[in-house]
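Residue strings, one per chain:
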Amino acid sequence: MKVVIIGGVAGGATAAARLRRLDEGAEIVILERTGYVSYANCGLPYFVGGVITDRDELTLQTPEGFRRRFGIDVRVGHEALEINPAEHTVEVRSLADGSTYTESYDKLILSPGARPVKPGLPGEDDPRVFTLRTVEDTFRIRDYLDTHPVRRAVVVGGGFIGLEAAENLLHAGVATTLLQKGDQVLPPLDPDMAAEVHAYLRGCGVELRLGAHVTGFVPDGEGLSVTLEGGEAVPADLVLLGIGVMPESELARSAGLALGVKGTIAVDEHMRTSCPDIYAVGDAVEVRHFVSGAKSHIALAGPANKQGRIAADHICGIPSTFTGSQGTSVIKLFDMTAASTGLNEKTARAAGVDYGKAVTYSASHATYYPGAHNMTVKTLYDPATGRILGAQIVGFDGVDKRMDVLATAIRAGLTAADLTELDLAYAPPYGSAKDPVNMAGYVIENLRAGRVEQHHWDEVAGLPADGSVVLLDVRTPGEVRRQGLLRPDAVNIPLDELRNRLGELDPSKKIYVNCFSGLRSYLACRILSQHGYRCSNLAGGWRFWSYNATDRAHDAAPTHLCGIPTGQGK
Ligand code: FAD
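Quantities reported herein were computed from a predicted structural model and do not represent experimental measurements.

### Let's talk about the environment of Ser508
Item 1. Position of Ser508 among the secondary structure elements: in the loop between helix H14 (495-498) and strand S29 (510-514).
Item 2. A polar contact is formed between the side chain of Ser508 and the side chain of Asp506, at a distance of 2.8 Å.

### Details of the packing of aromatic side chains
Item 1. In total, this model carries eight aromatic pairs according to the counting rule given.
Item 2. Note on Tyr200 and Phe396: the rings are 5.3 Å apart at their centroids and 75 degrees apart in plane angle, and the pair reads as edge-to-face. Taken as a pair, Tyr200 in helix H6 (residues 191-203) and Phe396 in the loop between strand S25 (388-395) and helix H10 (399-411) lie far apart in primary sequence, 196 residues in all.
Item 3. Three or more aromatic residues link up through ring pairs in this structure, and these residues are Tyr36, Phe47 and Phe139.

### A look at the site of the ligand
Item 1. Every one of the 30 residues lining the ligand counts as a neighbour, but Gly11, Glu32, Tyr39, Ser111 and Asp283 are closest to it.
Item 2. Residue Glu32 places a side-chain N or O atom 2.8 Å away from an oxygen atom belonging to the ligand.
Item 3. Note that an oxygen atom of the ligand is positioned 2.9 Å from one of the backbone N or O atoms of Ala301.
Item 4. Isolated, the ligand exposes 990 Å² of accessible area, and the fraction of that covered by the protein chains is 90%.

### What about the layout of surface pockets?
Item 1. In this model, the second largest pocket occupies a volume close to 530 Å³.
Item 2. As for the second largest pocket, its lining consists of 25 residues, of which Thr360, Tyr361, Met439, Val443 and Leu519 are closest to the centre.
Item 3. Counting only elements with at least two residues in the lining of the second largest pocket, the list comes to strand S23 (356-363), helix H12 (436-448) and helix H15 (519-530).
Item 4. Among the residues forming the lining of the second largest pocket, the class breakdown is 13 nonpolar, 10 polar and two charged.

### Overview of the packing of H6 against helix H16 (residues 541-549)
Item 1. Running from amino to carboxyl end, H6 crosses H16 at an angle of 75 degrees, the nearest separation of the two axes being 8 Å. Taken as axis vectors, H6 and H16 run roughly perpendicular relative to one another. Between H6, through Pro191, Asp192, Met193, Ala195, Glu196 and Ala199, and H16, the contact on the second element is made entirely by Arg543, Phe544, Tyr547 and Asn548.

### So, the environment of Tyr200
Item 1. A relative accessible area of 0% places Tyr200 in the buried class.
Item 2. Sequence separation between Tyr200 and Phe334 is 134 residues, and the spatial gap between their C-alpha atoms is 9.1 Å.
Item 3. A polar contact is formed between the side chain of Tyr200 and the backbone nitrogen of Asp335, at a distance of 2.9 Å.

### Brief notes about the nonpolar core
Item 1. With 48 residues, the main nonpolar core has Ile5, Ile6, Ile83, Leu108, Ile109 and Leu110 as its most contacted residues.
Item 2. With five residues, helix H1 (residues 10-22) is the single largest residue contributor to this core.
Item 3. If we ignore the near neighbours within four places in the chain, the residues touching Ile6 are Leu31, Ala80, Ile83, Val90, Leu108, Ile109, Leu110, Ser111, Pro112 and Leu251.
Item 4. With 46 residues, the next largest nonpolar core counts Ile141, Val150, Leu208 and Leu238 among its residues.

### Thoughts on H1
Item 1. A rise of 1.5 Å per residue sets the reference length of H1, with its 13 residues, at 18 Å; its end C-alpha atoms lie 18 Å apart and thus fit the reference within 8%.
Item 2. Taking burial as the measure, the 13 residues of H1 include 10 buried ones, the bulk of the element.
Item 3. For H1, the complete set of buried residues consists of Gly11, Gly12, Ala13, Thr14, Ala15, Ala16, Ala17, Arg18, Leu19 and Arg20.
Item 4. Where the residues of H1 are buried, they touch strand S1 (2-6), strand S2 (27-32), helix H3 (63-70), strand S7 (107-110) and helix H8 (301-315).

The rules behind each value
- Residues numbered from 1 in each chain as written.
- Predicted model: local features only at pLDDT ≥ 70, side-chain atom pairs only at ≥ 80, totals over all residues.
- Heavy atoms only, no water.
- Helix = DSSP H or I, 4+ residues; strand = E, 2+ residues; numbered from the N terminus.
- Polar contact = N/O pair within 3.5 Å; in protein donor to acceptor, adjacent residues only side chain to side chain.
- Phe/Tyr/Trp six-rings, centres within 6.5 Å; stacked < 30°, edge-to-face > 60°.
- Near = heavy atom within 4 Å.
- Areas by Shrake-Rupley, 256 points an atom, 1.4 Å probe, with all protein chains shown as cover.
- 1 Å grid on protein atoms, 1.4 Å probe; cavity = no way out; pocket = protein on both sides within 12 Å on 5 of 7 lines; lining within 4 Å.
- Points joined across faces, edges and corners; volume = space filled by probe spheres on them.
- Nonpolar A, V, L, I, M, F, W, Y, C, P; charged D, E, K, R; others polar.
- Axes fitted to C-alpha atoms, helices over the stretch in contact; angles between N-to-C directions.
- Parallel < 35°, antiparallel > 145°, perpendicular 65-115°, else oblique.
- Contact = heavy atoms within 4.5 Å.
- Buried < 20%, exposed > 50% of the residue type's maximum accessible area, 1.4 Å probe, protein only.
- Core = buried A, V, L, I, M, F, W, Y, C linked by side-chain atoms within 4.5 Å.
- Expected span 1.5 Å × (residues − 1).

Now the structure itself:
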């Protein structure tokens with residue numbers, strides 16, 4: 001059997017290695033357009049920033065290494081030009097000398113990935129406008145930084161690659177402006193969770209401009225002017241375009257293979273395309289969203305690796321299946337970590353999925369042990385069953401492990417009640433006896449059982465101001481002095497005085513309670529409701545409200561020095 005693989009990185013290299021492990025007799029050929037095979041895409045931004053300094057660290061395997069260990073014929077600098085499914089052949093060009101040849105196959109695996117979107121803006125082909133996908137792109141940017149006096153950079157796009165690039169450009173000593181067309185960075189997060197990220201990035205020195213619609217790039221002396229809708233121009237010595245990726249499906253399209261959403265290649269659960277003997281995997285293919293079932297394009301390394309293995313299995317007679325992607329992702333932003341899995345509010349609404357949400361603020365480990373940091377956890381659940389639908393976490397320590405637990409919970413179809421029962425590892429340096437994941441479960445269970453009602457940050461401004469309701473703040477007077485009230489008409493009764501001062505509250509009026517994070521106000525709600533008051537708890541507290549209420553002001557109120565989250569109170 002002869003298997004040809006187009007694309008020799010995440011999906012392609014995985015498929016090749018698995019094929020060899022399953023079939024010692026197969027002839028395996030990898031065609032890779034760039035000069036590198038099995039390179040570490042995810043590590044590329046860190047070479048730009050000088051965090052990774054050894055060029056060899058970026059490649060996990062060399063063509064020679066592949067040949068030696070796996071007996072695989074790896075042809076770097078070879079581009080597949082055309083597939084002829086009827087003949088079972090691929091037209092190939094050697095980029096070294098431009099010569100072309102025909103390669104035959106019994107089975108073909110496409111793993112061509114996704115390319116950076118270039119929207120066709122005037123000036124985007126200027127040599128000072130870069131994209132970041134390959135090892136060559138990375139070296140080009142690094143070499144430019146090393147050989148030119150780059151003082152100011154503009155990154156266009158606030159997705160994973162744009163943000164990692166911005167961090168690394170700052171790390172390389174370059175003042176960096178990040179222009180984002182929409183109202184938030186990191187689309188896997190909801191805007192209310194991204195607000196904290198915005199404040200932090202600004203605190204780290206990223207000049208973050210939301211709602212900035214780039215119209216083009218104009219040469220300006222040694223640098224460029226990045227022009228914005230409205231006429232403003234932002235100066236830059238270097239521009240990095242990171243406005244998303246699109247599947248490289250041209251080969252599949254011209255071969256007549258069925259396509260899916262957003263130009264992806266349609267595949268079945270074994271990663272087979274519409275054409276017998278051709279498989280496709282990775283960033284180029286359509287996947288089923290594991291939670292909503294919606295056909296989606298989710299470009300991440302984990303699914304690409306899994307799919308490469310599944311395609312190889314199926315070729316070798318093992319009926320492995322890909323059961324869908326839930327988009328679990330994590331990103332380091334300076335000292336902050338942001339992670340998500342499953343549905344967020346935007347994707348739930350788009351898929352017509354009914355959801356409830358809880359916002360919790362929990363310590364990464366026992367607070368008496370040094371180094372604990374709180375994390376904001378937003379969990380979406382099915383109101384009818386309590387099944388966990390999605391989660392987002394922003395914090396500084398222990399975010400990744402909580403996200404992995406929640407991702408696993410979603411995969412296993414667990415409910416909020418199940419989260420309360422998870423028996424998770426605990427010792428003071430690592431966690432809390434009530435882990436943040438347990439806490440999310442407790443809060444959702446309280447909401448579902450009606451033990452507490454909640455309202456959200458965006459409802460605060462619209463609460464009646466005519467005296468018909470009470471806004472009650474149960475923080476200490478010191479906190480209120482430092483941080484301010486949600487609204488001037490809010491009254492402050494600290495939690496520990498509440499039982500003795502209930503007489504100050506009118507039992508005929510509904511009470512909207514807040515504290516710093518939502519915990520003390522929950523306790524207050526329990527006191528109030530057991531004394532016959534109707535009340536509601538502000539989800540996420542003053543802190544969550546404050547990030548969001550001040551997000552557009554460019555000087556977000558909660559203080560966040562880079563790497564040093566403040567406000568650890570409850
Ligand atoms: P790729 O790994 O992109 O490989 C496709 C290869 O096919 C390319 O090398 C391309 O040159 C080659 N190719 C395409 N067309 C042809 C052709 N006609 N002939 C020959 N060769 C061809 N994902 C995460 O989950 N976490 C991260 O932290 C993360 N960070 C990232 C950072 C960067 C800078 C980038 C660019 C991506 C990052 N990703 C991350 C995404 C992740 O790298 C991809 O999801 C994954 O590599 C997809 O695997 P793939 O095999 O589909 O495509």
